[in-house]
Amino acid sequence: MRIGGAGKLFGTDGVRGIANDEITVEMATNLGRVIATLRDGTLAVGMDARLSSPMLKSAVIAGITSAGCDVVDLGLLPTPALQYYVKCNKDIAGGVVVTASHNPREYNGIKFIQSDGREFTRSMDEESERMYMSKSYRIVSWDKVGKVYREDCRRMYIQGILDKVNLDLISEKKFKVVLDCGNGAGCVTSPELLRKLGCRCVSINAHPDGTFPCRNPEPVKENVEFLMKCVKNVGADLGVAHDGDADRATFVDERGEFVGEDVMLALMAKYYVEKNGGGIVVTPVSSSKCVEDVVREAGGEVVYTAVGSPVVAETMLKLKAVFGGEGNGGLVFPEHLLARDGAMSIAKVLELLAEEGKKLSELVADIPKYVTLKAKVLCRDKIKLLEGLKQTFPDADFTDGAKVEYEDGWILIRPSGTEPIARIMAESKSEKRAKELLEMGMEVVKKILSE
Ligand code: MG
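Residues numbered from 1 in each chain as written. Predicted model: local features only at pLDDT ≥ 70, side-chain atom pairs only at ≥ 80, totals over all residues. Heavy atoms only, no water.

### Observations concerning the environment of Val311
You can see Val311 is positioned in helix H11 (residues 309–319). Through-space distance from the C-alpha of Val311 to that of Thr283 is 9.3 Å; in sequence the pair is 28 residues apart. Discounting chain neighbours no more than four positions away, the residues touching Val311 are Thr305 and Ala306. (Helix = DSSP H or I, 4+ residues; strand = E, 2+ residues; numbered from the N terminus. Contact = heavy atoms within 4.5 Å.)

### What to know about the coordination of the magnesium ion
Of the protein atoms, only Ser101 (OG), Asp243 (OD), Asp245 (OD) and Asp247 (OD) coordinate the magnesium ion, at distances of 2.0 to 2.1 Å. Sequence spacing of the donor residues for the magnesium ion, all on one chain, is S-x141-D-x1-D-x1-D. Of this pair, Ser101 sits in the loop between strand S4 (94–98) and strand S5 (107–113) while Asp245 sits in the loop between strand S9 (238–242) and strand S10 (249–252), and the two are 144 residues apart along the sequence. Residue Ser101 shares its accessibility class with Asp245, and that shared class is buried. (Donors = N, O, S within 2.8 Å, 3.2 Å for Na, K, Ca; no water. Buried < 20%, exposed > 50% of the residue type's maximum accessible area, 1.4 Å probe, protein only.)

### Describing the sheet that holds strand S12 (residues 279–284)
Each strand in a sheet pairs with its neighbour through backbone hydrogen bonds, running either in the same direction (parallel) or in the opposite one (antiparallel). Judged by pairing direction, the sheet is mixed, and its four strands sit side by side in the order S13-S12-S14-S15 without closing on themselves. Whereas interior strands pair on both sides, the edge strands pair on one side only; in this sheet they are strand S13 (300–305) and strand S15 (330–332). Strand-to-strand twist in this sheet, taken as the mean axis angle between neighbours without regard to direction, amounts to 20°. Pairing between S12 and S13: six bridges, direction parallel. Residue pairing for S13: Val281 is matched across the bridge by Val302. Against the sheet, helix H10 (residues 289–297) engages S12 and S13, with an angle of about 150° to S13. (Pairing = 2+ DSSP bridges. Axes fitted to C-alpha atoms, helices over the stretch in contact; angles between N-to-C directions.)

### Here we look at the sheet that holds strand S17 (residues 402–406)
Taking strand neighbours across the sheet as the criterion, the four strands line up as S16-S19-S18-S17 in an open arrangement whose pairing is antiparallel. With one partner strand each, in any of the chains shown, strand S16 (371–378) and S17 form the two edges of the open sheet. Neighbour-to-neighbour, the strand axes of the sheet open up by a mean angle of 10°, direction not taken into account. Sheet topology places S17 next to strand S18 (residues 409–415); five bridges connect them, and they run antiparallel. Residue pairing in the sheet places Val404 in a bridge with Ile411 of S18. The sheet contacts of helix H15 (residues 431–450) involve S16, S17, S18 and strand S19 (421–428), and relative to S19 the element is tilted by about 155°.

### Looking at helix H5 (residues 154–162)
Of all the positions in H5, only Tyr157, Ile158, Gly160, Ile161 and Leu162 are classed as buried. Here the buried face of H5 lies against helix H3 (79–88), helix H6 (167–173), helix H7 (190–196) and helix H12 (342–356).

### A word on the environment of Gly235
In this structure, Gly235 sits in the loop between helix H8 (225–234) and S9. Between the alpha carbons of Gly235 and Gly256 there is a distance of 8.9 Å; along the sequence they are 21 residues apart.

### Considerations on the packing of aromatic side chains
Two descriptors summarise a pair of aromatic rings, namely the distance from one centre to the other and the angle between the planes of the rings. Inspection of every chain in the model, using the stated rule, returns seven aromatic pairs. Their ring planes at 75° and their centres at 5.3 Å tell us that Phe112 and Phe120 sit as a pair that is edge-to-face. With 5.4 Å between their ring centres and 65° between their planes, Phe323 and Phe333 make a pair best called edge-to-face. Taken as a pair, Phe323 in strand S14 (residues 323–326) and Phe333 in the loop between S15 and H12 lie far apart in primary sequence, 10 residues in all. (Phe/Tyr/Trp six-rings, centres within 6.5 Å; stacked < 30°, edge-to-face > 60°.)

### Some points on the domain arrangement of the chain
Considered domain by domain, the chain is made up of domain 1 (15–152), domain 2 (172–257), domain 3 (261–364) and domain 4 (371–450). Computed over C-alpha atoms, the centres of domain 1 and domain 4 are 36 Å apart. (Domains from an automatic or database assignment.)

### Concerning the nonpolar core
Counting residues in each nonpolar core, the largest one holds 65 residues, and the members touching the most others are Leu197, Leu238, Met268, Phe323, Leu350 and Leu360. Contact partners of Leu197, with chain neighbours within four places excluded, come to Leu162, Val165, Leu167, Ile170, Ser171, Ala347 and Leu350. Ile23, Met27, Ile35 and Val45 belong to the second largest nonpolar core, which has 35 residues in total. (Core = buried A, V, L, I, M, F, W, Y, C linked by side-chain atoms within 4.5 Å.)

### Structural notes on the pattern of salt bridges
Overall, the coordinates contain 25 salt bridges when judged by the stated rule. A salt bridge links Glu436 to Lys432; its shortest N-O distance comes to 3.6 Å. Taken together, the residues Glu436 and Lys432, both in helix H15 and four residues apart, mark about one turn of the helix. Of the residues examined, Glu436 reaches a relative accessible area of 36% and is grouped as partly exposed. Where Glu451 meets Lys447, a salt bridge forms, and the shortest distance between an N and an O atom there is 3.4 Å. You'll find Glu451 and Lys447 in the same group, each marked exposed. Residues joined in a network through salt bridges with shared partners are Asp408, Lys432, Arg433 and Glu436. (Salt bridge = Lys/Arg side-chain N within 4 Å of Asp/Glu carboxyl O.)

Pasting the structure below:
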């Protein structure tokens, strides 16, 4: 099995793979039985807009009910909408989302949610995997099979976001926003959210369509060029793009320029630290130094974690962080939900624009500029790589792979959790230095693996 790499079922983001090949109906049914056995209460189930999602959602529901638990079927919705529903309903023991997030159209996946709305932690995923592999999940007799209810939580989710922003101030500004849901799950909530925020919303790729006819679901710069053009052409204040399950949002400024995900993370982190008069911001070791720079200047502190949103959320909870997020457009607002939330990101960015009374490009100009470069090297022996890194860089930070700090930059070398590669990142204010660091990192990896 390729999912998660190294024969493991659960990767950094639940179970992922090609639908009907790696992620089968049988697997989905048994995973439904696993979470029902572990959580033993009513479970919420939802899905993204992929072609295989109704099939896999039905299979998950079959599994859960066959293990004797009831299901609230929430249908098509963003992942954070389900997480918010689970968090707010004390009688719901957990949830399952059928989604492959930003992956290409042939993929699908299954993600487990805790009763407080957070994703399962790594150790919970491992426990689930052990139960799945040993088939020790429960199957009940005919008279104990669970029931299925239907509910629509989309309005409740939208209201939950509206309650946490300065609605009057945002509405007053009558922002014009171009929204690109990428034909994903955000189509069913984000247009309405923008309308309720008093914005004039121009939507593109706004019908749910699992063939993803217009763009790849990952909202990175190269996939949202049409959005960038639209923002410029209609004279909008802001452009927003979601990934397939709308837990992420990326932004385009009023000039039609894509704003780097790390820059947006820094901007929001600064906003939260200033509002709270200090506090902790949690982000993975792979995030740009610009986040730490602005958080420090605002009187806050950055705490770094390994890569992956569950560990960010877990650390935020432990440290009572004021804000957190990843450098991929996944922002976490703890007063709302300890998970990435794309719609909440839109509302908070609009609140920031309204409060500051500045254009997004002006706010972005205040964030320190870094050059961040990435490379991959084939790596089939992760243990050898990690041991070699410990010998080469004994003083490095080993939170996730090895992060080596220099006066004028840093490099991060870490084995991928899902593919047989080593990822290398280098960052510096100077492009020349960033290139030097990246090349040095690649050389080190090659040398360790060839020894
Ligand atoms: Mg996602």
